[in-house]
Structure formats: C-alpha cells, structure tokens
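Each chain, written out:
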Amino acid sequence: MTTLERLFDAARAAQANAYAPYSRFKVGAALMTASGAVFAGCNVENAAYPNGICAESAAIAAMTIAGERRITDIAVVGGDAGPVTPCGACRQRLSEFAEPGARVHFADQSHFVESLLLSDLLPRAFGPRDLDTNG
Ligand code: THU
C-alpha cells in the first residue's frame, strides 16, 4: 500500500465516524509524521456551534497524545462533492508542526485529486520561530 493509500484509508475511516449532525458535512483527516506513523481525526460538532472542532485539529491532538510532533503529509476528505481544503485556522495549526515541504493531499470520494504544499496554502506563516528570542 502506498503512503497516499494509507493516508486516505485512515482519513476515510475517520470521516465515517465524524459527528456532524448540524452541517451534515463529514470530514476526515490523516497526518503522517516523520516516523511514518499515521494519525486520523474527524470533525466533532456541538449544539453550541462554535465549539465544534475540525478533523485536522482532532488528528493533531491524536498525534500529540502519541508524543509526535513532525508532520510530513496531510490527507483530507470531506463532503460528497469536490476536494476540501483545510480552513484557515487549521492551516495555522498544521503549520505549527509541519516539516519543510509538508504536503496536503486532496481527494473526492473515490479518487486522489491533487497535492499542494502547506506553505503554498499558508504563505509567510507566523510560527514558533517568530517567538524564538534566541534568534
Ligand atoms: N471542517 C473540517 O473538519 N475540516 C475542514 O478542513 C473544513 C471544515 C468541518 C467543520 C464543520 O464541522 C464542517 O466541516 C462544516 O464546516
């Protein structure tokens, strides 16, 4: 199985368990880390709408629980139509842990569609280095 197949399988399995009764828009995300481990997440909505979390955020939490930090690849699947790109807030969250050259991979329900650099989705990102007072 290729890396992308592993990632999209994990993202689709997570998407199947998404809790999205309000938007009815189920999203699954899967991250690959530098160690080759895969961590998945789904969106988890809430009756108090702003408290819902995105699939990417859930996957980042799963990665963090496992003690991992370095994301190399991100797969996202959502909805019934075309590919879904991470929202602005999740681009920032992903960027916190993204290795240089980290890629975001998109698919519709059946086919891989394209891969983009996270740095192209969030150019000139603010990040940990901006807070590094040691230069
Ligand atoms: N959503 C995600 O989980 N990830 C994305 O990349 C885009 C949007 C969720 C949030 C909300 O539960 C639903 O999709 C509709 O916005």
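Because the structure is a prediction, the values reported are computed rather than measured. (Residues numbered from 1 in each chain as written. Predicted model: local features only at pLDDT ≥ 70, side-chain atom pairs only at ≥ 80, totals over all residues. Heavy atoms only, no water.)

A short note on helix H1 (residues 3–16)
Okay, so step 1: The end-to-end C-alpha distance of H1 is 20 Å, a good match for the 20 Å that 14 residues give at a rise of 1.5 Å each.
Okay, so step 2: Burial in H1 covers these residues: Leu7, Phe8, Ala10, Ala11, Ala14 and Gln15. End-on, the buried residues of H1 take up no more than an arc of 160 degrees, which puts them together on one face.
Okay, so step 3: Summarising the contacts, the buried residues of H1 are in contact with strand E1 (27–33), strand E2 (38–42), strand E3 (71–78), strand E4 (98–107) and strand E5 (112–117). (Helix = DSSP H or I, 4+ residues; strand = E, 2+ residues; numbered from the N terminus. Expected span 1.5 Å × (residues − 1). Buried < 20%, exposed > 50% of the residue type's maximum accessible area, 1.4 Å probe, protein only. Arc of directions from axis to C-beta. Contact = heavy atoms within 4.5 Å.)

Structural notes on the sheet that holds E1
Okay, so step 1: Sheet architecture is open: five strands sit in the order E2-E1-E3-E4-E5, paired in mixed fashion. One side of each edge strand has no neighbouring strand; the edge strands of this open sheet are E2 and E5. The sheet shows a mean angle of 20 degrees between the axes of neighbouring strands, direction not considered.
Okay, so step 2: In the sheet, E4 pairs with E5 via five bridges, with the strands oriented antiparallel. Looking at E5, one finds that His105 is bridged to Ser115.
Okay, so step 3: Here helix H2 (residues 55–65) sits on the sheet and contacts E1, E2 and E3; the angle it forms with E2, its principal contact strand, is near 140 degrees. (Pairing = 2+ DSSP bridges. Axes fitted to C-alpha atoms, helices over the stretch in contact; angles between N-to-C directions.)

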